[in-house]
Amino acid sequence: MDATTPCDPAADECGMEYCRLASCGDSMGECVERPLSCDGVLDPVCGCDGRTYTSACEAAGSGVSVDHTGTCDSTADTGVMDAGSDAGDAST
């Protein structure tokens, strides 16, 4: 692959690509292509936006860098992995 272009995640300077960060909160990243499709494998990751994605590929397709593997702890989560949650269960 060719050399990547450095980018500022606060600026929209990558065109159709996205600014991938090595770590959330970094002041600089690199412009990389968004995947056109993903394989559908369920391997959840937490994005730098605090949302859970079904895979790193899905996060990249949304233009979001990965914070860590597994689901997010935040209530800003998409609920992808929480569909079976019993938080609304009123029986006590």
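Residues numbered from 1 in each chain as written. Predicted model: local features only at pLDDT ≥ 70, side-chain atom pairs only at ≥ 80, totals over all residues. Heavy atoms only, no water.

(A) Inspection of the overall build of the protein at higher detail. When helices and strands are counted, the protein shows one helix and six strands. Shown N-terminal to C-terminal, the secondary structure of the protein runs as helices and strands in the order β-β-β-β-β-α-β. Burial analysis of the protein (92 residues in total) assigns 24% to the buried set. Taking the intrachain contacts of the protein between residues at least 6 apart in sequence as the baseline, contacts between residues at least 24 apart amount to 36%. As presented, the protein carries roughly 6,100 Å² of accessible surface, and 48% of it is formed by carbon and sulfur atoms. (Helix = DSSP H or I, 4+ residues; strand = E, 2+ residues; numbered from the N terminus. Buried < 20%, exposed > 50% of the residue type's maximum accessible area, 1.4 Å probe, protein only. Contact = heavy atoms within 4.5 Å. Areas by Shrake-Rupley, 256 points an atom, 1.4 Å probe, with all protein chains shown as cover.)

(B) Fine view of the confidence of the model for the protein. Across the protein, pLDDT averages 83, with 76% of residues at or above 70. Considering only residues more than four positions removed or in separate chains, one finds that residues 75-79, a stretch of pLDDT under 50, has ten contacts. Across residues 81-92 the pLDDT falls below 50, and counting only partners more than four positions away or on other chains, this stretch makes five contacts in the model. (pLDDT = per-residue confidence, 0-100.)

(C) Representation of the pattern of salt bridges in the model. Within the structure shown, the criterion is met by one salt bridge. Among the salt bridges present, the one from Glu-30 reaches Arg-20, with a minimum N-O distance of 2.4 Å. One end of the pair, Glu-30, is in strand β3 (residues 29-32); the other, Arg-20, is in strand β2 (residues 18-20), and ten residues separate them in sequence. For Glu-30, a relative accessible area of 25% translates into the label partly exposed. Note on Arg-20: relative accessible area 36%, which makes it partly exposed. (Salt bridge = Lys/Arg side-chain N within 4 Å of Asp/Glu carboxyl O.)

(D) Molecular detail of the sheet that holds β3. Across the sheet, which stays open at both edges, the three strands sit in the order β1-β3-β2 with antiparallel pairing between neighbours. The strands lining the two open edges of the sheet, one partner per strand, are β1 (5-7) and β2. Geometrically, the sheet is characterised by an average inter-axis angle of 50° between neighbouring strands, direction not taken into account. When β2 meets β3, the two strands line up antiparallel, connected through three bridges. Bridging across to β3, Arg-20 finds its partner in Glu-30. (Pairing = 2+ DSSP bridges. Axes fitted to C-alpha atoms, helices over the stretch in contact; angles between N-to-C directions.)

(E) Region of interest: the sheet that holds strand β5 (residues 52-53). Spatially, the three strands line up as an open sheet ordered β5-β4-β6, and their pairing is antiparallel. Unpaired on one side and paired on the other, β5 and β6 (66-69) mark the two borders of the sheet. Bridge count between strand β4 (residues 45-47) and β5: two bridges; the pairing is antiparallel. The residue of β5 that forms the bridge with Cys-46 is Thr-52.

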